[in-house]
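# Architecture at a glance
Residues per chain, in single letters:
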Amino acid sequence: MLRVLAVDDEKPLLEELLYLLRSDPRIRSAEGASDATGALRRITVALEAGPDGADGIDVVFLDIHMAGLTGLDIARLLAGFARPPLIVFVTAHEGFAVQAFDLKAVDYVLKPVRPERLAEAVRRACAQLGQSGEVPAAPRGAPAVPVRVPPVPPAPRQPAEVTVADRAPEQIAVELGGVTRFVAIADIAYVEAQGDYARLHTDEGSHLVRIPLSTLEERWAARGFVRIHRRHLVALARIDELRLDAGTTSVRVGSAELQVSRRHARELRDLLMRHATG
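Described below are features of the structure shown in this document. Values in this document were obtained by computation on a predicted structure and should not be read as measured data. (Residues numbered from 1 in each chain as written. Predicted model: local features only at pLDDT ≥ 70, side-chain atom pairs only at ≥ 80, totals over all residues. Heavy atoms only, no water.)

With that settled, the discussion passes to the sheet that holds strand β13 (residues 241–245). Overall, antiparallel pairing links the three strands, which are arranged β13-β14-β15 in an open sheet. Of all strands in the sheet, those bounded by a partner on one side alone are β13 and β15 (256–260). Direction aside, the axes of adjacent strands within the sheet are offset by 30° on average. Inspection of the sheet shows strand β14 (residues 248–253) paired to β15 by five bridges, in the antiparallel sense. (Pairing = 2+ DSSP bridges. Helix = DSSP H or I, 4+ residues; strand = E, 2+ residues; numbered from the N terminus. Axes fitted to C-alpha atoms, helices over the stretch in contact; angles between N-to-C directions.)

Have a look at this one:
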């Protein structure tokens, strides 16, 4: 089983990659590093321990574009060691594949990461290390876990390509660990911007989608979602309190308290007043 290190300076993408890796039964352990410095520090410990040591790392899943040293820089540094960990590049850019394979990369996985594609990268790493790359079968007699999925529209595309437009306007498709779920827009309390992604917050948890906040703001305006900050879009009906304190404005949405920017404060107050009296 593999011991892996995932490196990406975008936290949501790192969390998603770690989730997928930890869901693979061929992975013994999966650690994360959010920058090149942290990655090199952990890799140094692994190199000192050796491949068979308790702190060893078998494979590094490495982003290319990061602040400071790039993933290619890290791979070049590792190439100077006798027994470095294997490298799998995970990147949104196709143009570095030749350089990556010149550096003896095991695989080159493009973002957004599809679970089946990542599973293939794990299989290749296992094969190069002389391990079985087959996914272990479930134990005989293990109970099946039921998965409830709403009716699928005709001629669906692959899950990684599902967009808001593929479903009825009342739902949005989200993917987690290879399973596509359909979340009712009415269940979403607020949305948080995370780079080119958006995190949808519901009473039951949160979901990451590859849609900019500005796009959701435009699409969901008629559904009562309002922009209160460059980072937040909120369902007007889910606001429990509006708080004014020393010139700052915030709202309480369930257990979350969200700041309202000055440029949105007056418009939000007017909307809440109309909503309350309408």
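Counted under the stated rule, the structure contains three aromatic pairs. Judged by centre distance (6.5 Å) and plane angle (55°), the rings of Phe-89 and Tyr-108 are tilted. Here Phe-89, found in strand β4 (residues 86–91), pairs with Tyr-108, found in strand β5 (residues 107–110); they are 19 residues apart in sequence, far enough to count as distant. Tyr-108 carries the same exposure label as Phe-89, and that label is buried. Classification of Tyr-108 by relative accessible area gives buried; the value is 9%. (Phe/Tyr/Trp six-rings, centres within 6.5 Å; stacked < 30°, edge-to-face > 60°. Buried < 20%, exposed > 50% of the residue type's maximum accessible area, 1.4 Å probe, protein only.)

Covered by surrounding structure in strand β12 (residues 232–235) are His-232 and Val-234 together with Leu-233 and Ala-235, the residues of both alternating faces. Here three bridges tie strand β8 (residues 188–194) to β12, and the two strands are oriented antiparallel to one another. Across the sheet, Tyr-190 pairs through a bridge with Val-234, a residue of β12. Here strand β11 (residues 225–229) runs beside β12; their pairing, made up of four bridges, is antiparallel. When the bridges of β12 are listed, Phe-225 appears paired with Ala-235. Linkage of β11 to β12, two consecutive antiparallel strands, is achieved through a turn of two residues.

Next up on the list: the pairing of β8. In terms of residue burial, β8 counts as a mostly covered element, since seven of its seven residues are buried. Inspection of the sheet shows β8 paired to strand β9 (residues 197–202) by six bridges, in the antiparallel sense. Within the sheet, the bridge partner assigned to Ile-188 lies in β9 and is Thr-202. Once β8 ends, the chain turns through two residues before running back antiparallel as β9, passing Gly-195 with a positive phi of about 70°.

This paragraph deals with the environment of Glu-217. With respect to the secondary-structure elements, Glu-217 resides in helix α6 (residues 213–220). Excluding residues that lie within four positions of it along the chain, Glu-217 makes contacts with Arg-227 and Leu-233. (Contact = heavy atoms within 4.5 Å.)

Residues of helix α3 (residues 71–78) that are buried: Gly-71, Leu-72, Ile-74, Ala-75 and Leu-78. Down the axis of α3, the buried set is contained in an arc of 160°. They therefore lie on one face. Where α3 is buried, its residues contact α2 (36–49), β3 (59–62), β4 and α4 (97–102). (Arc of directions from axis to C-beta.)

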